[in-house]
Amino acid sequence: MARLLTNWMHACLAALQFLTRLPVPVNIPFTNATVARSLVFFPVAGVTVGLLVSGGYMVMQPLLPPMTAAVLLVVLWTAFTGGLHMDGWMDTADGVLSHRPREQKLIIMKDSRVGAMGVIAGVLLLLLKVSALSELLDRPASVEVLLLLASIPVWSRVSMAASIPLWPLARGAEGMAGLFAWATRGHAAAALAMGSALLAVAYACAGVQLLQLGLFIGSGLLVSALVTVFVAGRLSKSLGGLTGDTYGAINESVEAALLIALLIGLKLQLI
């Protein structure tokens with residue numbers, strides 16, 4: 001039992017090391033089994049990021065103009081993940097939007113230099129995030145908005161965890177994606193269960209009613225699933241599978257879509 005608990009603890013810490021810049025002062029054996037199990041705890045890393053973003057929102061909103069606060073919030077959001085997913089978004093844009101043959105796209109994506117398509121995609125994504133957060137910061141703060149904002153990084157990490165075993169690896173065991181070659185659909189299902197449970201507990205503790213709780217979780221899951229299937233499917237078709245960079249691109253796509261969905265929900269007075 002102690003060995004089993006240690007293995008799962010290592011998996012949780014591995015997820016935090018992969019997906020955040022939290023200092024984890026523990027030597028973790030990055031075996032194939034540990035890395036595969038870490039998928040289950042991707043939502044834990046998402047909750048950590050989400051709490052940071054919502055905390056920054058609460059601190060900045062009464063002190064700063066919405067646009068200034070939005071820029072600083074995006075800086076905080078990106079810095080806490082080390083820009084890992086943004087880097088994947090930009091590298092994916094460079095490769096896929098080059099309209100070259102599959103092999104050349106993969107070579108372009110491995111290049112550490114950022115091309116024109118990557119810069120354009122990165123700038124547009126940052127503009128979208130800043131404008132969306134600025135609109136949120138310009139509204140009166142509410143528990144529902146804070147909870148939904150904190151849930152965005154959770155759903156995006158669930159989407160990454162799902163995409164790893166559900167689509168083939170473009171480079172086989174090579175590269176960062178190859179580290180997760182042992183991951184299974186069972187790990188992805190457990191990540192979904194973990195993310196849903198964490199959010200359900202958070203919503204319930206905040207006093208969200210059962211019907212609204214179901215609406216929040218259901219809508220988050222629906223938007224995330226639709227975006228993941230569309231983006232992962234298109235990228236897999238273009239590249240012959242997914243890579244570590246494309247997982248970052250999926251994460252950023254889901255976060256952007258959920259921010260837009262949150263604004264639509266507020267506009268239609270559904271929240």
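Just above sits the structure.
Rules used in this analysis
Residues numbered from 1 in each chain as written. Predicted model: local features only at pLDDT ≥ 70, side-chain atom pairs only at ≥ 80, totals over all residues. Heavy atoms only, no water. Axes fitted to C-alpha atoms, helices over the stretch in contact; angles between N-to-C directions. Helix = DSSP H or I, 4+ residues; strand = E, 2+ residues; numbered from the N terminus. Left-handed = near helix turned anticlockwise from the far one by under 90°. Contact = heavy atoms within 4.5 Å. Nonpolar A, V, L, I, M, F, W, Y, C, P; charged D, E, K, R; others polar. Parallel < 35°, antiparallel > 145°, perpendicular 65-115°, else oblique. Phe/Tyr/Trp six-rings, centres within 6.5 Å; stacked < 30°, edge-to-face > 60°. Buried < 20%, exposed > 50% of the residue type's maximum accessible area, 1.4 Å probe, protein only. Lys NZ or Arg CZ within 6 Å of the ring centre and 35° of its normal. Arc of directions from axis to C-beta.

Two numbers describe how helix 10 (residues 210–239) lies on helix 11 (residues 244–267): the axes approach to 9 Å, and their chain directions differ by 145°. Every pair of crossing elements has a handedness; the one defined by helix 10 and helix 11 is right-handed. On helix 11, the residues that touch Gly 220, Val 223, Ser 224, Val 227, Thr 228, Val 231, Ala 232, Leu 235 and Leu 239 of helix 10 are Thr 246, Ala 249, Ile 250, Ser 253, Val 254, Ala 257, Leu 258 and Ala 261. Classifying every residue of the contact of helix 10 with helix 11 gives twelve nonpolar, five polar and no charged.

What follows concerns the packing of helix 5 (residues 84–96) against helix 7 (residues 116–137). Orientation of helix 5 relative to helix 7, taken along the N-to-C sense of each, is 135°, at an axis distance of 7 Å. The pairing of helix 5 with helix 7 is recorded here as oblique in orientation. In this structure, the crossing between helix 5 and helix 7 has a hand that is right-handed. Along the contact surface, helix 5 presents Met 86, Trp 89, Met 90, Ala 93 and Asp 94, while helix 7 presents Ala 116, Met 117, Gly 118, Val 119, Ala 121, Gly 122, Leu 125 and Leu 126.

So, on to the environment of Val 71. The residue Val 71 is located in helix 4 (residues 66–80) in this model. Separated by 56 residues in sequence, Val 71 and Leu 127 place their C-alpha atoms 9.2 Å apart.

With the rule as written, the count across this model stands at four aromatic pairs. Plain terms: the ring middles of Phe 42 and Phe 180 are 6.1 Å apart, the flat faces sit at 90° to each other, and that makes the pair edge-to-face. Of this pair, Phe 42 sits in helix 3 (residues 42–60) while Phe 180 sits in the loop between helix 8 (143–166) and helix 9 (185–205), and the two are 138 residues apart along the sequence. Summarising the aromatic geometry, the rings of Tyr 203 and Phe 216 are spaced 5.6 Å apart at their centres and angled 70° between planes, so their arrangement reads as edge-to-face. With Tyr 203 in helix 9 and Phe 216 in helix 10, the pair connects residues that are 13 residues apart, well separated along the chain. Of the two residues examined, Tyr 203 and Phe 216, each falls in the buried class. Cluster of aromatic residues (ring-pair linked, three or more members): Phe 18, Phe 42 and Phe 180. The ring of Trp 8 has Arg 37 lying over it, and the distance from NZ or CZ to the ring centre is 5.6 Å.

Another aspect to go through is helix 6 (residues 102–110). All buried positions along helix 6 are accounted for by Lys 105, Leu 106 and Met 109. Buried residues of helix 6, seen end-on, are gathered within an arc of 95° and therefore sit on one face of the element. Among the exposed residues of helix 6, those oriented more than 90 degrees off its buried face are Ile 107 and Lys 110. The inward-facing, buried residues of helix 6 contact helix 5, helix 10 and helix 11.

One non-glycine residue with positive phi stands out, namely His 99, at about 55°. With respect to the helices and strands, the residue His 99 is situated in the loop between helix 5 and helix 6. Judged by relative accessible area, His 99 falls into the exposed class, the value being 68%. Even without glycine at this site, Gln 269 takes up a positive phi of about 60°. Here Gln 269 is to be found in the segment after helix 11.

All quantities given are derived from atomic positions and should not be read as evidence of function.
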